[in-house]
Amino acid sequence: MTLWGGRFSGKLDETAWALNTSLPVDQRMAIQDVDGSLAWAGALHTAGILSDDEHVRISSGLSAIKQEFLKGEFTFAPADEDIHTAVERRLTELIGAPAQKLHTGRSRNDQVATDFRLWMLATLPAIQDVIASLQSVLVAQAEKSDDALMPGYTHLQRAQPVLLAHWWLSHFWPLQRDRERLEDLIKRVSSLPLGSGALAGTPVPVDREALAEALGFLQAAPNSLDAVSDRDFAAEFLFCTTLCAVHLSKLSEQIVLYTSAEFGFFELSDAYSTGSSLMPQKKNPDVFELTRAKAGTLLGLLTGLMATLKGLPSTYDKDLQEDKAPVFNAADTLLLMLPVLSGALQTITPRIKRMRAAIDSFMMATDLADYLVGKGIPFRETHALAGKAVRLALEKEMGLDGLSLEDYKSLHPAFEADVYQALDPLESVKRRAALGGTAPAAVQIQIQQAKNTLKGE
Ligand code: ARG
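Described below are features of the structure shown in this document. Numbering of residues starts from 1 in each chain and follows the order in which that chain's sequence is written. Confidence filtering applies because this is a predicted model: local features only for residues at pLDDT of at least 70, side-chain atom pairs given and counted only at 80 or more, and all residues used for totals across whole chains, interfaces and linings. Heavy atoms from the whole structure form the basis of all side-chain values; hydrogens and water molecules are not counted.

Attention shifts here to helix H6 (residues 108-144). Note on conventions: DSSP H or I runs of at least 4 residues are helices, E runs of at least 2 residues are strands, and numbering of each starts at the N terminus. Expected helix span is taken as 1.5 Å per residue step, with the number of steps being one fewer than the number of residues. The end-to-end C-alpha separation of H6 is 54 Å, in line with the 54 Å expected for 37 residues at 1.5 Å each. At Thr123, H6 shows its maximal kink, close to 30 degrees; a proline, Pro125, follows between one and four residues later. With 27 of 37 residues buried, H6 is to be regarded as a mostly interior element. Nitrogen and oxygen atoms within 3.5 Å of one another constitute a polar contact, given that in protein one can donate a hydrogen and the other can accept it, and given that sequence-neighbouring residues count only through two side-chain atoms. Among the residues of H6, the N-terminal cap falls to Ser107, whose side-chain oxygen and the backbone nitrogen of Asn109 are separated by 2.8 Å. One or two steps after H6, the chain reaches Asp146, where phi turns positive at roughly 45 degrees. Here the bend at a residue is taken as the angle between two axes, fitted respectively to the seven residues that end there and the seven that start there. Accessibility here uses a 1.4 Å probe with only protein chains present; expressed as a share of the type maximum, an area under 20% marks a residue as buried, one over 50% as exposed, and anything in between as partly exposed.

As structure tokens, then:
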């Protein structure tokens, strides 16, 4: 039985039914559908549409249905077009006639939008939690790294030395922004469509503000036409999750690169790496490769929904039924991926010596220029002089630390014996002590900031 048979004498074609039905996707909102109906029944009762007895019977019927869902005992019927139909059909089976009054003044248009928002409000904290867990792993790794050094890159070319801890934390802050974006989204999800009817509003004199409060929303949506078609929250959710996946992809790409023999900066634990069916020696970073790939998949989901929304006029159109699958998919992907990444990064072993060995003296060329600045020479000039030192060292097939003091003096008389201190990577790092820099003291402050942020301070 569908909820709309009255004006039809013929039956929907079977193939059209298969296209039209949304139950396979929207049954995931079963609990939310029941909760929305419980609240709506309460509003109908307050408005005098349901008698005390009808209200009690509908409420207890709905509560029983909720239990069936929670226990996995609910049975769908072949004719259930969507989750709303299934719940109403079951309610009729359980309590008979009063069930027929539940849909008074309500449409599946305001109902589905309400269910979807309720689902998102329930899911956002779970996603925020798995992000926060990964952030904790990054902080713990940063703390464990002490003063270990690694090469920092720009253009993927060796640039300047940095603390390994600083690198770990560079992946903490993007995730913090992701979590904050999801938090900010909550207030826009919390606008209640219920009570908007199909498009024009409901004739039932319901107190929509009270209804909003009962369902945990911040406000009742102010315009019924907008309320039934507003899917900004779904698009925003897909953007937030996609951006988070892009951040995870960036981190993963670095791990893939750094676990290669050429870099050898990290060793994956066996629990989070896989072998080859053909090459016995292989240890592959599949977890990180898949994370990298999923970012592309999520981007496709975001683009798909935006394209759907772009073609629509205002109010409800059936196209909007396509909004849920991408959102569920994106949520599932993050909920699956983030805990795996946490485990993989918690158990990864940094190879400190390899990292240190990859820092060559040319990475301190800037420090050489800064050294001369310390002797009162303008930076533009010192930059050129340090460049000449690099060229001389390359000609002599040695590092900057291989040049003699005479070599340096031949470039400029201001060079003295203390020039070699300027070429020490740890000294280089220590000099970058302004807030947000890679100096150990600045990184300690950053670790504290990260911890406070995680505690919500
Ligand atoms: N399954 C529909 C959806 O997800 C529910 C709303 C149906 N409304 C309608 N007018 N046919 O959008």
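Structure's up, so let's keep going.
Attention now goes to the layout of surface pockets. There is about 330 Å³ of room inside the largest pocket. Along its surface, the largest pocket is lined by 11 residues, and Thr2, Trp4, Lys11, Leu12 and Trp17 are the ones closest to its centre. Side-chain classes are defined by residue name, with Ala, Val, Leu, Ile, Met, Phe, Trp, Tyr, Cys and Pro counting as nonpolar, Asp, Glu, Lys and Arg as charged, and the others, Gly among them, as polar. Along the lines of polarity and charge, the residues of the lining of the largest pocket split into 6 nonpolar, 3 polar and 2 charged. Buried and open spaces are told apart on a 1 Å grid over the protein atoms alone, a cavity being a set of points where a 1.4 Å probe fits but cannot get out and a pocket being an open set with protein on both sides within 12 Å along at least five of seven lines. Residues with an atom within 4 Å of a point are the lining residues. Grid points are joined across faces, edges and corners, and a volume is the space filled by probe spheres set on the points.

In this section: the pairing of strand S1 (residues 149-154). Regular strands place side chains that alternate from one sheet face to the opposite one. Two strands are said to pair when DSSP picks up at least two bridges between them. The pairing of S1 with strand S2 (residues 157-163) spans 6 bridges and is antiparallel. From the neighbouring strand, Thr154 faces S2, where its bridge partner is Gln157.

Once that is clear, we can look at the site of the ligand. Neighbouring residues of the ligand: Ser22, Asp26, His84, Arg108, Asn109, Val112, Tyr316, Lys318, Gln321 and Lys324. With respect to the ligand, the side chain of Ser22 contributes an N or O atom lying 3.0 Å from a nitrogen atom. For the ligand, a nitrogen atom lies 2.7 Å from a polar atom in the side chain of Gln321. Computed on the free molecule, the ligand has an accessible area of 340 Å², of which 86% lies beneath the protein chains in the complex. In terms of residue count, the dominant contributor to the shell around the ligand is H6 (3 residues). Tallied by class, residues from the shell around the ligand come to 2 nonpolar, 4 polar and 4 charged. What makes a residue near a molecule or strand is one non-hydrogen atom of that residue sitting within 4 Å of it. Per-residue and other accessible areas follow the Shrake-Rupley method at a 1.4 Å probe size, with only the shown protein chains counted as cover for residues.

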